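# Notes for the structure review
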Amino acid sequence: MGNCCSDIAAGRSAVGGTAGGLLNSANAPNDAVDNFFKSRGYQGLFSQIELSFSASGLRDRDVLSKSDPILVLYAKGKNGALEELGRTEVVLNSLNPTWITKQTLIYHFEVVQVLVFHVYDVDTQFHNADVKILKLEEQQFLGEATCALSEIITKSDGSLTLDLLRQDSIRSGDSQKCGKLKVHAEECVGSKTTVEMILRCSDLEYRDLFSKSDPFLIVSKVVESGAHIPICKTEAIKNDHHPTWKSLFLNIQQVGSKESPLIIECYNFNSSGKHDLLGKVQTSLVELEKLHSGGQGENLFLPAAAGHDSQAKVLKSRLFVDKFSESIQYTFLDYLAGGFELNFMLAVDFTASNGNSRLPDSLHYIDPSGRPNSYQRAIIEVGEVLQFYDADKRFPTWGFGARPIDGPVSHCFNLNGSNNYCEVDGIQGIMMAYTSALLNVSLAGPTLFGPVINNAALIASQSVANGGRKYFILLIITDGVVTDLQETKDALVKASDLPLSILIVGVGGADFKEMEILDADKGERLESSSGRVASRDIVQFVPFRDVQSGEISVVQALLAELPTQFLAYMRSRNIQPNL
């Protein structure tokens, strides 16, 4: 998050990095700052979700009464191992239970989180026992269900109904149903109200001998112990004793309430990290709103030195609030609940630099053992996450840099071989089209991105024109250095105004420096040949070799910024989810 929390590009390192030595409470933790950015969608998405459960039509395993069901929730790992997350209470004498106990877990957008639900009939002798110590093998199994968490949260009402199956029928493949389980997911958000402020100071004191001060503000909340917890801070403005900073955004939940006490401190920035306190104000959002409406300023003060009886020194420096507005900041999950979809699109590099696909050293080699190549891995891992957010699971899929049979080199051809449509059904359909294309095209070149980006942008623009509630994600998998860099920049700058994000996976050992240019993570937005600057960053690039170690998956590396880009588009156009 750098030196400034009002600067989005710099908002990704700890706030204590520059002014930590001056903060109270022994360099108080930065959780407040982290949560502030999470609340605005500036990091990989992880939201707290509360799950509720009910069932109907359970099997009756008791002789003299109905079953006494309990539900146990598990997370299923990639290796198939189950990790217990929690248990409900036991509902006595019911085949249609609604459990009171909720289970809270963290939803990660970039991971497929597989949940497994087991329902048991608890034997009478254990009814008074703590459910945490129940031995499940001593209870009668009533049924099992499984799903991905994303399948639940993408439902318009946040509820998914699953068939409960017997364990023996799951193993045999003969699905014998024994009731239904309804799972409801709700995002745990205390407040979505965000305050935007523009703060200004006048007549700041001189602290530098040969120049004016370089002031910045730190905003902290005061907790019960009296400690100051930093929430956010501004950028430093060079050589200015009458600075006006960029907008600050404060989430009401982070502050506590509009009446909660705040401390605003003004510092003179020093590269050594030992910043000089120029003055401070103790206030609240209510008081700051009054300053704005009245057009008045509040004097800064310097606290009395420790151990002295003298009072705080009131300065002629003043703090003004030039803007104060409140708005609702909808979350990513709000938009999903409001009917928005993510639509997956794919473009595959078929240039000759990939190597002859029939030879084992080719990046396109199809291993008879079934081991996926880098292209297949990227398709599977990204597609398996995004497929849940696409209602019809029909994915536009293209190839580029190859010569179809009896034709010229094409830089955007339908992977399914059709001349009329580019969509395929599901991830399996993509894999089949990819394998088939390898048999029906000749690898050629050069590597051009512009045509496929323009095709994806056309689909996105048509969706906007038709009032579609869709956001598009184009995955480009490539082995080479792009040879139409300026044309690609032009296409990306134009596409930055559309509901579109572009994920690029670089496979093989090529030099991908140009891809880093396209991925404007370092704050330099792309500029077109006509001088137009991209309205937002829509590209995320990951070299496959950096993630092959298994420490981080392609999906997590690629998708971490996607919710941020989605929200940036929706908020910049004031598009609301219509819940």
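Above this text is the structure in question.
Residues numbered from 1 in each chain as written. Predicted model: local features only at pLDDT ≥ 70, side-chain atom pairs only at ≥ 80, totals over all residues. Heavy atoms only, no water.

## With respect to the overall build of the protein
Using the following cut-off: Strands here are runs of E lasting at least two residues and helices are runs of H or I lasting at least four, both read from the DSSP assignment and numbered beginning at the N terminus. A contact between two residues is defined here by any heavy atoms of the two lying within 4.5 Å.
Regarding its fold elements, the protein presents 15 helices and 25 strands. Sequence-distant contacts in the protein: of pairs separated by 6 or more residues, those separated by 24 or more amount to 71%.

## Points about the packing of helix α11 (residues 450-465) against helix α12 (residues 485-495)
For any two helices packed against each other, one specifies the inter-axial angle together with the distance between the axes. Defined as follows: Lines fitted to C-alpha atoms define the axes here, with helix axes fitted over just the stretch in contact, and angles between the N-to-C directions of these axes take values from 0 to 180 degrees. What sets the label is the angle itself: under 35 degrees gives roughly parallel, over 145 gives roughly antiparallel, 65 to 115 gives roughly perpendicular, and the rest give oblique. Crossings are assigned a handedness: left-handed for a near helix turned anticlockwise from the far helix by less than a right angle, right-handed for a clockwise turn.
In the contact formed by α11 and α12, the axes pass within 9 Å of each other and the chain directions differ by 15°. Judged by the inter-axis angle, α11 sits roughly parallel to α12. Crossing angle aside, the handedness with which α11 passes α12 is left-handed. Two secondary-structure elements touch here, α11 through G450, I453, N454 and A457 and α12 through T488, A491, L492 and A495.

## Quick look at the pairing of strand β3 (residues 82-87)
The line we're drawing: By definition, two strands form a pair when at least two bridges between them are found by DSSP.
Looking at chain direction, strand β2 (residues 69-76) and β3 are connected through five bridges and run antiparallel. Residue K76 lies in a different strand from β3, and its bridge partner there is L82. Between β2 and β3, which pair antiparallel one after the other, the connecting turn spans five residues, and G80 there sits at a positive phi close to 90°.

## Focus on the pattern of salt bridges
Two side chains with opposite charge may pair up if their charged atoms get near one another. So the rule is basically this: One speaks of a salt bridge when a side-chain nitrogen belonging to Lys or Arg is within 4 Å of a carboxyl oxygen belonging to Asp or Glu. Note on classification: 1.4 Å probe, protein chains only; a residue is buried when its accessible area is under 20% of the maximum for its type, exposed when over 50%, partly exposed between these limits.
All chains considered together, the criterion is met by 15 salt bridges. As a salt-bridge pair, K177 and D163 come within 3.5 Å of each other at their nearest N and O atoms. On the criterion of sequence distance, the pair formed by K177 in strand β8 (residues 177-187) and D163 in strand β7 (residues 159-165) is long-range, its members being 14 residues apart. K177 gets classed as exposed once you look at its relative accessible area, which sits at 58%. Between E287 and K290 there is a salt bridge, with its nearest N and O atoms 3.8 Å apart. In this pair, E287 and K290 are both assigned in helix α7 (residues 285-294), three residues apart and thus about one turn of the helix distant.

## What about α11?
Under the convention used in this document: Here the expected length of a helix is defined as 1.5 Å per residue gap, with one fewer gap than residues. In this context, the arc is that of the directions from the helix axis out to the C-beta atoms.
Over its 16 residues, α11 runs 22 Å from end to end, which matches the ideal 22 Å to within 8%, given 1.5 Å per residue. Those residues of α11 not exposed but buried are G450, V452, I453, A456, A457, A460 and S463. The arc that holds the buried residues of α11, viewed along the axis, is 165°, so those residues lie on one side. The secondary structure elements touched by the buried residues of α11 are β17 (341-349), β18 (394-400), β23 (470-478), α12 and β24 (500-506). At the C-terminal side of α11, G467 shows a positive phi close to 75°.

## Side note on the side chain of S357
In this fold, S357 is placed in the loop between β17 and α9 (374-386). Other than its neighbours up to four places away in sequence, S357 contacts S362, H364, Y365, I366 and L438.

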